[in-house]
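# Structural overview
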Amino acid sequence: MAYYTQEQLENMGFSSLGKSVKISDKACLYSPELMEIGDYSRIDDFCVLSGRLRIGAHVHIAPFCLVAGGVHGIVMEDFSGLAYQVQVFTQSDDYSGRSMTNPTVPSQYKQESKKPVRIGRHVIIGAGSIVFPGVDLADGCSVGAMTLVASSTEPWGIYVGNPARRLKDRKRDLLDLERKMQQERDSK
């Protein structure tokens, strides 16, 4: 994977850009002036990122993801991650037939749902999953592959299915590992 150089990243005009950020030169970023990217985060090949985004530190977005922040935005807290082909939306057309749909139709003929999305600390979202507008994925959640997340979650749960349902609690051992990693980094 080829990444943009630090100079190239700085010239893109991000709202803020952390240190040691890696973004594939095959990723598509629309409106980077609306994006904040934290330290040590990585965005891989063939991802499409658009709209208002706040990406924390140590965040990973795997290949072929769509992160559509729109007007209201997506927040990805520290240590969160998206596996291959995850899609996160902050807006959606009304599919009921009460209004027209698609971006070629003027807004007065549509009834779009537009709501922010939050992906909490240490949340990992499995391959092929979809997150709908307005969802708050609480800290520590794990979302299994191919899961449809249409409503917000409770902290430290493992969620699977269509629609997502809580399977069981997720272990918190990773919090000790985070502290250890930070201590080692601070001691250098």
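Anyway, here's the lowdown on the structure attached to this text. (Residues numbered from 1 in each chain as written. Predicted model: local features only at pLDDT ≥ 70, side-chain atom pairs only at ≥ 80, totals over all residues. Heavy atoms only, no water.)

### A short note on the overall build of the chain
Applicable threshold: Numbered from the N terminus, helices here are DSSP runs of H or I no shorter than four residues, and strands are runs of E no shorter than two. All radius of gyration figures rest on C-alpha atoms, and the globule criterion is 2.2 Å times the number of residues raised to 0.38. For the exposure calls, accessible area comes from a 1.4 Å probe over protein chains only, and a residue counts as buried if that area is under 20% of its type's maximum, exposed if over 50%, partly exposed in between. Any two residues whose heavy atoms approach within 4.5 Å are treated as being in contact. All accessible-area figures derive from a Shrake-Rupley calculation using a 1.4 Å probe, and residue coverage is judged against the displayed protein chains alone.
Summing up its helical and strand segments, the chain has two helices and 22 strands in all. A compact globule built from 188 residues should have a C-alpha radius of gyration of about 16 Å, and the chain, at 17 Å, falls within 12% of that. Dimensions of the chain, computed from C-alpha atoms along their principal axes, come out at roughly 60 × 45 × 25 Å. A burial count over the chain gives 40% of its 188 residues as buried. Long-range pairs, those at least 24 residues apart, make up 19% of the contacts in the chain with a sequence separation of at least 6. Per element, the accessible surface of the chain, about 10,200 Å² overall, is 51% carbon and sulfur.

### Digging into the state of the cysteines
Threshold: Whenever a pair of cysteine sulfur atoms sits within 2.5 Å, that pair is classed as a disulfide.
Inspection of every chain in the model, using the stated rule, returns zero disulfides. As a non-bridged cysteine, Cys-28 has Cys-47 as the owner of its nearest cysteine sulfur, 9.4 Å distant. In this structure Cys-47 is not part of a disulfide, and its nearest cysteine sulfur, from Cys-65, lies 4.8 Å away. Judged by its relative accessible area of 0%, Cys-47 falls in the buried class.

### Remarks on a nonpolar patch on the surface
Operational definition: A residue counts toward a patch only above 30% relative accessible area and without a salt bridge, and it is joined to like-charged neighbours within 9 Å or, for Val, Leu, Ile, Met, Phe, Trp and Tyr, to nonpolar neighbours within 5 Å. By definition here, a salt bridge exists when the distance from a side-chain nitrogen of Lys or Arg to a carboxyl oxygen of Asp or Glu is within 4 Å.
On the surface, a nonpolar cluster with roughly 340 Å² of combined accessible area is contributed by Phe-46, Phe-64 and Tyr-84. Looking at the secondary structure, you find Phe-46 in the loop between β5 (42-43) and β6 (48-50). A relative accessible area of 42% means that Phe-46 is categorised as partly exposed.

### With respect to the sheet that holds strand β12 (residues 87-89)
Under the convention used in this document: In this analysis, strands are considered paired if DSSP registers two or more bridges between them.
Pairing is parallel across the open sheet formed by six strands, whose spatial order is β3-β6-β9-β12-β17-β20. Two strands close off the open sheet at either side, each with one partner strand: β3 (28-30) and β20 (148-149). Taken together, the three bridges between β6 and strand β9 (residues 66-68) define a ladder with parallel strand orientation. Bridge assignment links Ser-50 to a residue of β9, and that residue is Ala-68.

### Considerations on the pairing of strand β22 (residues 165-169)
Burial runs low along β22: only zero of the five residues are buried. Sheet topology places strand β21 (residues 157-160) next to β22; four bridges connect them, and they run antiparallel. The partner of Val-160 across the bridge, within β22, is Arg-165.

### Overview of the pattern of salt bridges
Using the criterion set out here, one finds 13 salt bridges in the structure. In this structure, Glu-77 and Arg-118 form a salt bridge, with 3.5 Å as the shortest nitrogen-oxygen distance. Here the residue Glu-77 occupies a position in the loop between β10 (74-76) and β11 (81-82), and Arg-118 occupies one in strand β15 (residues 117-119), the gap between them amounting to 41 residues. Residue classification places Arg-118 among the partly exposed positions, given a relative accessible area of 25%. Notably, a salt bridge pairs Asp-136 with Arg-118, separated by 2.9 Å at the nearest N-O pair. Placement of the pair is Asp-136 in strand β18 (residues 136-137) and Arg-118 in strand β15, with a sequence separation of 18 residues.

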